[in-house]
Amino acid sequence: AEVAPGAVHVPDWLDLETRRRLVAACREWATPRAGFRAARLPNGGVMSVRTVCLGWHWYPYKYSKTIDDVDGAPVTPFPGWLAELGQRAVSDAYGAAVEYQPDIALINHYDSAAKMGLHQDKDEASLEPVVSLSLGDACVFRFGNTEHRGRPWTDVELRSGDLFVFGGPSRLAFHGVTKTLPDHGDPDLDLSGRLNITLRVSGF
Ligand code: MD3
Ligand code: FE
């Protein structure tokens, strides 16, 4: 369903094998050295979401090749199979074969209390689409407008296996997660809470 121009929601896009593969991969990417960490904001706040990065490390509000806000270790590489999945995601969502070569993955883990305030994603140098893949518990995703944090917005429930692609005029829309829905999980996955994997093109 097209929620706004360029914003396409494809419920239940991931098959069971791919959902399981992604959960297992997230476990491997969350190494002890480069594990899930709650980013610290310049205003002193700490995000309730915990994040692992592939390809480029994100910290408020920039990208680097090393984990600068933890220990300076090199960022985990972005695997080729994840780029192929991203290309298939954008092609399926838009209904046309496209070239899409993501080189950043941000993997967010939400426990039952985690949320993400309305924000824009402006730290990438490219305006190529963002691919979002949801696993585990469902959430209420708030998709706003490009002008400001206020209304109008549309609330969409994102469930395990859903694909959402944000391109074109939606790429700079405000968006966030107002709540996770515990006990709305995926009985086929060994996962507590919610994982969201976003694929992006850095443009760097
Ligand atoms: C719309 N993540 O990592 S995914 C983020 O569920 C982020 O973890 C949320 O917002 C999550 O920055 C929302 C949906 C999403 C991701 C990126 C977008 C929507 C977007 C970029 C531009 C517009
Ligand atoms: Fe975002």
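Novice: Report on the site of ligand 1, specifying residues and quantitative values.
Specialist: In the vicinity of ligand 1 lie 17 residues, with N108, Y110, D121, H175 and R194 positioned nearest. Residue N108 places a side-chain N or O atom 3.0 Å away from an oxygen atom belonging to ligand 1. A distance of 2.5 Å separates an oxygen atom of ligand 1 from a polar side-chain atom of Y110. Contact with the protein chains hides 97% of the accessible area of ligand 1, taken as 490 Å² for the molecule alone. Of all the cavities here, the one that holds ligand 1 is the largest pocket. For the shell around ligand 1, the per-class residue count stands at six nonpolar, seven polar and four charged.

Novice: Pulling in residues and values, what's your account of the nonpolar core?
Specialist: Counting 30 residues, the largest nonpolar core has L82, V131 and L133 as its most contacted members. Looking at this core, the elements with two or more residues in it are α1 (16–29), β3 (50–54), α2 (80–94), β6 (104–110), β8 (130–136), β11 (163–166) and β13 (194–200). Here the element with the most residues in this core is α2; it accounts for six residues. Residues contacting V131, with those up to four places away along its chain left out, are G86, A89, V90, Y100, L163, F164, V165, I197, T198 and L199. The next biggest cluster of nonpolar side chains, apart from the first, holds 15 residues, and it includes A7, V49, L158 and V177.

Novice: Kindly report on the packing of aromatic side chains, identifying the contributing residues and their values.
Specialist: Under the counting rule described, the total for this entry stands at nine aromatic pairs. Here the aromatic cluster, defined as three or more aromatic residues joined through ring pairs, consists of F141, F143, F164 and F166. One residue, K65, lies across the ring of W56, its end atom 4.5 Å from the ring centre. Over the ring of Y110 we find R194; its NZ or CZ atom is 5.0 Å from the centre of that ring.

Novice: I'd like to hear about the sheet that holds β11, residue by residue, with values.
Specialist: As summarised here, the arrangement of the seven strands in space is β1-β2-β11-β8-β13-β6-β3, forming an open sheet in which the pairing is antiparallel. Each edge of the sheet is formed by a strand with only one pairing partner; in this case those strands are β1 (2–4) and β3. In this sheet, neighbouring strand axes are inclined to one another by 20° on average, regardless of whether the strands run parallel or antiparallel. By the bridge criterion, seven bridges tie β6 to β13 in an arrangement that is antiparallel. Each residue of the ladder has a partner; that of A105, found in β13, is L199. Along the sheet face, α1 touches β3, β6, β8 and β13 and points at about 95° away from the line of β8.

Novice: Summarise the layout of surface pockets; cite the residues concerned and give the values.
Specialist: Its volume calculated, the largest pocket comes out at about 800 Å³. Forming the boundary of the largest pocket are 41 residues, of which M116, H119, Q120, D121 and H175 lie nearest the centre. Among the secondary structure elements, those contributing two or more residues to the lining of the largest pocket are β6, β7 (116–119), β8, β9 (138–143), β11, β12 (175–181) and β13. Grouping the amino acids of the lining of the largest pocket by side-chain chemistry returns 20 nonpolar, 12 polar and nine charged.

Conventions and cut-offs
Residues numbered from 1 in each chain as written. Chains lettered and ligands numbered in written order. Predicted model: local features only at pLDDT ≥ 70, side-chain atom pairs only at ≥ 80, totals over all residues. Heavy atoms only, no water. Near = heavy atom within 4 Å. Polar contact = N/O pair within 3.5 Å; in protein donor to acceptor, adjacent residues only side chain to side chain. Areas by Shrake-Rupley, 256 points an atom, 1.4 Å probe, with all protein chains shown as cover. 1 Å grid on protein atoms, 1.4 Å probe; cavity = no way out; pocket = protein on both sides within 12 Å on 5 of 7 lines; lining within 4 Å. Sits in = over half its atoms within 2 Å of the grid points. Nonpolar A, V, L, I, M, F, W, Y, C, P; charged D, E, K, R; others polar. Core = buried A, V, L, I, M, F, W, Y, C linked by side-chain atoms within 4.5 Å. Buried < 20%, exposed > 50% of the residue type's maximum accessible area, 1.4 Å probe, protein only. Helix = DSSP H or I, 4+ residues; strand = E, 2+ residues; numbered from the N terminus. Contact = heavy atoms within 4.5 Å. Phe/Tyr/Trp six-rings, centres within 6.5 Å; stacked < 30°, edge-to-face > 60°. Lys NZ or Arg CZ within 6 Å of the ring centre and 35° of its normal. Pairing = 2+ DSSP bridges. Axes fitted to C-alpha atoms, helices over the stretch in contact; angles between N-to-C directions. Points joined across faces, edges and corners; volume = space filled by probe spheres on them.

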